[in-house]
Amino acid sequence: MSARPPAPYDGELSAEELRERLVGGEIPVAVYGLGKMGLPLAGVYAETAGDVVGVDVDPAVVETVAEGRSHVVGEPGLDELVADQVARGRLEATTDGAAAAADARIHAIIVPTLVTEDDEPDLTTVESVLEDVAAGLAPGDLVIAESTLPPGSCRDVLYPHLRQESGLERGAFGLAFCPERTSSGRALRDIRGAYPKVVGGVDAASTRAAELIYDEITSNEVHAVSDATTAEAVKVFEGVYRDVNIALANELGRLADELGISVREAIDTANGIPVCQLHEPGPGVGGHCIPYYPHFLLSRFEEPMPVMRTARELNDAMPSVVVDRLADELAATGTDLAEASVAVLGITYRPGVEETRASPAIGVIEALREAGADVAGVDPLVDPAEYGARPVALEDLPDESFDGAVVVTPHEEFEAIPWRDLEPMVVVDGRDAVDLSGTGHRQYTFAGSRGGSPPAVDAGEGDGASDASESPEPRRTDGGRDV
Ligand SMILES: NC(=O)c1ccc[n+]([C@@H]2O[C@H](COP(=O)([O-])OP(=O)(O)OC[C@H]3O[C@@H](n4cnc5c(N)ncnc54)[C@H](O)[C@@H]3O)[C@@H](O)[C@H]2O)c1
Ligand SMILES: CC(=O)N[C@@H]1[C@@H](OP(=O)(O)OP(=O)(O)OC[C@H]2O[C@@H](n3ccc(=O)[nH]c3=O)[C@H](O)[C@@H]2O)O[C@H](CO)[C@@H](O)[C@@H]1O
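Everything quoted here is computed from the prediction, not taken from an experiment.

> What's the story with the site of ligand 2 in this structure? I'm lost.
Around ligand 2 sit 18 residues, and of these Thr 182, Ser 183, Lys 235, Arg 242 and Tyr 349 come closest. For ligand 2, an oxygen atom lies 2.6 Å from a polar atom in the side chain of Arg 242. Taken by itself ligand 2 offers 720 Å² of open surface, and the protein chains cover 85% of this. Classifying every residue of the shell around ligand 2 gives six nonpolar, five polar and seven charged.

Right under this line is the structure:
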């Protein structure tokens, strides 16, 4: 039986030896999860370490990668990287996680960590990967968790689970939390070094091993923190910061009508000093990062967290806020929302990203249907029918006649919408993404436009000139739900 490859954790290798073995392809790596983040990560590990097996439970994903193709859309450079690394035998793919674990010495976990219907962190997917890893774990191995986790998970869940299932003693293998600070659409750039890489181990040897490995992966610095829990907190804090600040922007955006200004213009101007970094108002917060991370704290600890809780509730209410604005604007034209036909433009949570988890469009569709409206959906990446909206192809929009539209996620394909050819309607633009001046449509831009127009500008006026004295009656600003 051939000797096992060098061990990254047990300290037998000096720092220099570990680096040499890693870049020399002598330390096999398994990456569990080949999704929007996992496939780019596996590709970068392959270009660095040269002996990588990607594991995924989806046979279609594995088949695609094994053929040297990427199933992830909208990631510059990923198609070429996967094709090159697979062709050179540096990257393989399998559904057999236990077999991959038996051969690997580094085990990187990057599968989804979501929340249950009760907003409890859901680690079942991570735990299913732990079963595979434990089946092949050997003394000296290093396990790296990249999936975002509630603080304390490596110490209290992952490490005990791995010890119990593998039968290995404490100190026989390493575990470090090394969060993915990556955004869809720029994953390779981020993983290769856009930001410092944070690493934190369950013990000093785990931190050391992770530090040495990521020093080869990233061109940026590697920031070793005190322990795994600190590293887990860093990642969750980044997300919570964003959720709370988006909520603040949304709360300010809702004031635009009563202020009679463009809050977006005011935010852009206020952000002209470093101490102020207000975020973008919008129709809500989607994706499987930001809406979930606050629950990794809210559900786990006794200390009251009113700011995070209120921010989450406020962001969750935003789809109803924009639908209320549509109802008001339609009423101003004599149309009852309950009798209206409405197109929802953009179902995914961000432009160009094929992801609908927690997308604000889902809340907008639900609120429109609850109001009795006839709801259509337009999206180049997903089928609106799967989200309760009648699918309409972008090119068929001129053949339709809607009373209203809500711009939720402005895919770049929407720049081709021939607004002048569409029947006049009320358009609620949640992202300040369209300029309908002179088109005959009645536009309401949530929080106003960057150009300085307040939210409600009749297309006929064109320049949006108005002041508070002309602003409409103060509106109910909580989406019909007391926040
Ligand atoms: N997407 C982002 O912007 C982002 C950014 C930073 C961090 N993250 C973290 O990375 C995690 C993964 O994100 P993603 O966007 O790659 O998710 P994704 O949904 O795109 O991909 C997850 C992949 O894991 C596979 N999978 C599920 N269960 C598995 C199992 N037991 N074994 C092996 N594979 C399994 C799925 O088939 C899928 O291909 C997130 O939950 C988050 O914690 C995501
Ligand atoms: C490494 C990692 O975990 N990366 C995550 C990833 O997050 P993500 O891909 O989930 O995308 P986000 O950009 O956070 O957007 C989430 C939702 O919030 C809406 N939004 C956003 C900003 C704003 O000012 N106003 C808003 O309304 C937006 O429309 C969307 O629905 O990248 C972010 C950096 O881009 C990171 O910070 C974030 O940790």
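> Would you mind showing me how to read the site of ligand 1 here?
Surveying the vicinity of ligand 1 reveals 24 residues, the closest of which are Lys 36, Met 37, Asp 56, Ser 128 and Thr 182. Thr 148 places a main-chain nitrogen or oxygen 3.0 Å from an oxygen atom of ligand 1. Arg 357 is positioned such that a nitrogen or oxygen atom in its side chain is 3.2 Å from an oxygen atom of ligand 1. For the shell around ligand 1, the class distribution of residues is eight nonpolar, eleven polar and five charged.

> Would you explain the packing of helix H2 (residues 38-49) against helix H4 (residues 78-87) in this entry?
Helix-helix packing: each pair is described by the crossing angle between the helix axes and the interaxial distance. Contact geometry of H2 with H4 gives a least axis separation of 10 Å together with a crossing angle of 50 degrees. In terms of orientation, H2 and H4 fall into the oblique class. As for how H2 packs across H4, the hand of that crossing is left-handed. Along its contact with H2, which presents Leu 39, Pro 40, Gly 43, Val 44, Ala 46 and Glu 47, the element H4 presents Leu 78, Leu 81, Val 82 and Gln 85. Residue composition of the contact of H2 with H4, grouped by class: seven nonpolar, two polar and one charged.

> Help me understand the pattern of salt bridges in this model?
According to the stated counting rule, one finds 25 salt bridges in the structure shown. A salt bridge links Arg 450 to Asp 268, with the shortest nitrogen-to-oxygen separation between them at 3.8 Å. Taken together, the residues Arg 450 in the loop between strand S16 (442-445) and strand S17 (456-458) and Asp 268 in helix H12 (residues 263-270) connect sequence positions 182 residues apart. Judged by its relative accessible area of 38%, Arg 450 is partly exposed.

> I tried to follow the layout of surface pockets on my own but got confused; where do I start?
Rolled over the atoms, a probe sized like a water molecule indicates the empty space that remains. Of the voids in this model, the second largest pocket is the one considered here, and its volume is about 480 Å³. As for the second largest pocket, its lining consists of 22 residues, of which Asp 316, Pro 319, Ala 358, Gly 363 and Glu 366 are closest to the centre. Elements supplying a minimum of two residues to the lining of the second largest pocket: helix H14 (306-332) and helix H15 (360-371).

> Looking at this structure, how should I read the packing of aromatic side chains?
We describe a pair of aromatic rings using the distance from one ring centre to the other and the angle between the two ring planes. What the rule picks out here adds up to three aromatic pairs. Considering the side-chain rings of Tyr 293 and Phe 296, the 5.9 Å spacing of their centres and the 45 degrees angle between planes classify their relative orientation as tilted. Each of the two residues, Tyr 293 as well as Phe 296, counts as buried.

> Could you clarify how one ought to interpret the nonpolar core in this entry?
Grouped burial of nonpolar side chains is what soluble globular proteins tend to show. Grouped together as the largest cluster of nonpolar side chains are 44 residues, with contacts concentrated most on Val 31, Tyr 45, Val 52, Val 65, Ile 106 and Tyr 214. Considering each element in turn, this core owes the most residues, seven residues, to H2. If we skip the residues at most four places from it in the chain, Val 65 touches Leu 34, Leu 39, Val 82, Val 86, Leu 91 and Ala 93. Listed in part, the 34 residues of the second largest apolar core include Val 323, Ala 361, Val 382 and Val 426.

> Can you walk me through the UniProt feature "domain: UDP-glucose/GDP-mannose dehydrogenase C-terminal" (unreviewed entry) in the protein in this structure?
According to UniProt, the positions carrying the feature "domain: UDP-glucose/GDP-mannose dehydrogenase C-terminal" (unreviewed entry) are residues 343-436. When the span residues 343-436 is considered, its composition is 13% helix and 19% strand, and the gap between its end C-alpha atoms is 16 Å.

> Just to check I follow, could you spell out the sheet that holds strand S3 (residues 91-94) for this structure?
The eight strands lie next to each other as S3-S2-S1-S4-S7-S8-S9-S10, forming an open sheet whose pairing is mixed. In this open sheet, the two strands that pair with only one neighbour each are S3 and strand S10 (222-224). When the angles between neighbouring strand axes are averaged without regard to direction, this sheet yields 25 degrees. Where strand S4 (residues 106-109) and strand S7 (residues 142-145) come together, four bridges link them in parallel fashion.

> Explain the domain arrangement of the protein to me, please; I cannot follow it from the model alone.
For the protein, the domain assignment lists domain 1 (15-226), domain 2 (236-307) and domain 3 (317-445). Computed from C-alpha coordinates alone, the two centres of domain 2 and domain 3 are separated by 23 Å. Facing the 14 residues of domain 2 at the interface are 17 residues of domain 3. Applying the counting criterion to the domain 2 and domain 3 interface returns one salt bridge.

> Any chance you could explain a negative patch on the surface here in plain terms?
Negative charge collects at one region of the surface, where Glu 117, Asp 118, Asp 119 and Glu 120 lie side by side. Structurally, Asp 118 is set in the loop between strand S5 (114-115) and strand S6 (121-122).

> Explanation requested: the pairing of strand S15 (residues 426-429) in the structure shown.
Strand residues, when the strand is regular, have side chains that alternate between the two faces of the sheet. Burial of S15 is two-sided: the residues Val 426 and Val 428 facing one way and the residues Val 427 and Asp 429 facing the other way are all buried. Pairing between strand S14 (residues 404-407) and S15: four bridges, direction parallel. In the strand pairing of S15, Gly 404 is matched with Val 426. For S15 and S16, the ladder comprises four bridges, and the chain directions are parallel. Looking at S16, one finds that Val 426 is bridged to Arg 442.

Cut-offs applied
Residues numbered from 1 in each chain as written. Chains lettered and ligands numbered in written order. Predicted model: local features only at pLDDT ≥ 70, side-chain atom pairs only at ≥ 80, totals over all residues. Heavy atoms only, no water. Near = heavy atom within 4 Å. Polar contact = N/O pair within 3.5 Å; in protein donor to acceptor, adjacent residues only side chain to side chain. Areas by Shrake-Rupley, 256 points an atom, 1.4 Å probe, with all protein chains shown as cover. Nonpolar A, V, L, I, M, F, W, Y, C, P; charged D, E, K, R; others polar. Axes fitted to C-alpha atoms, helices over the stretch in contact; angles between N-to-C directions. Helix = DSSP H or I, 4+ residues; strand = E, 2+ residues; numbered from the N terminus. Parallel < 35°, antiparallel > 145°, perpendicular 65-115°, else oblique. Left-handed = near helix turned anticlockwise from the far one by under 90°. Contact = heavy atoms within 4.5 Å. Salt bridge = Lys/Arg side-chain N within 4 Å of Asp/Glu carboxyl O. Buried < 20%, exposed > 50% of the residue type's maximum accessible area, 1.4 Å probe, protein only. 1 Å grid on protein atoms, 1.4 Å probe; cavity = no way out; pocket = protein on both sides within 12 Å on 5 of 7 lines; lining within 4 Å. Points joined across faces, edges and corners; volume = space filled by probe spheres on them. Phe/Tyr/Trp six-rings, centres within 6.5 Å; stacked < 30°, edge-to-face > 60°. Core = buried A, V, L, I, M, F, W, Y, C linked by side-chain atoms within 4.5 Å. UniProt positions renumbered as here; feature names shortened; annotations may be inferred. Pairing = 2+ DSSP bridges. Domains from an automatic or database assignment. Patch = residues over 30% accessible without salt bridge, like charges linked within 9 Å, V, L, I, M, F, W, Y side chains within 5 Å. Lys, Arg positive; Asp, Glu negative; His and termini not counted. Charge placed at Lys NZ, Arg CZ, Asp CG, Glu CD.

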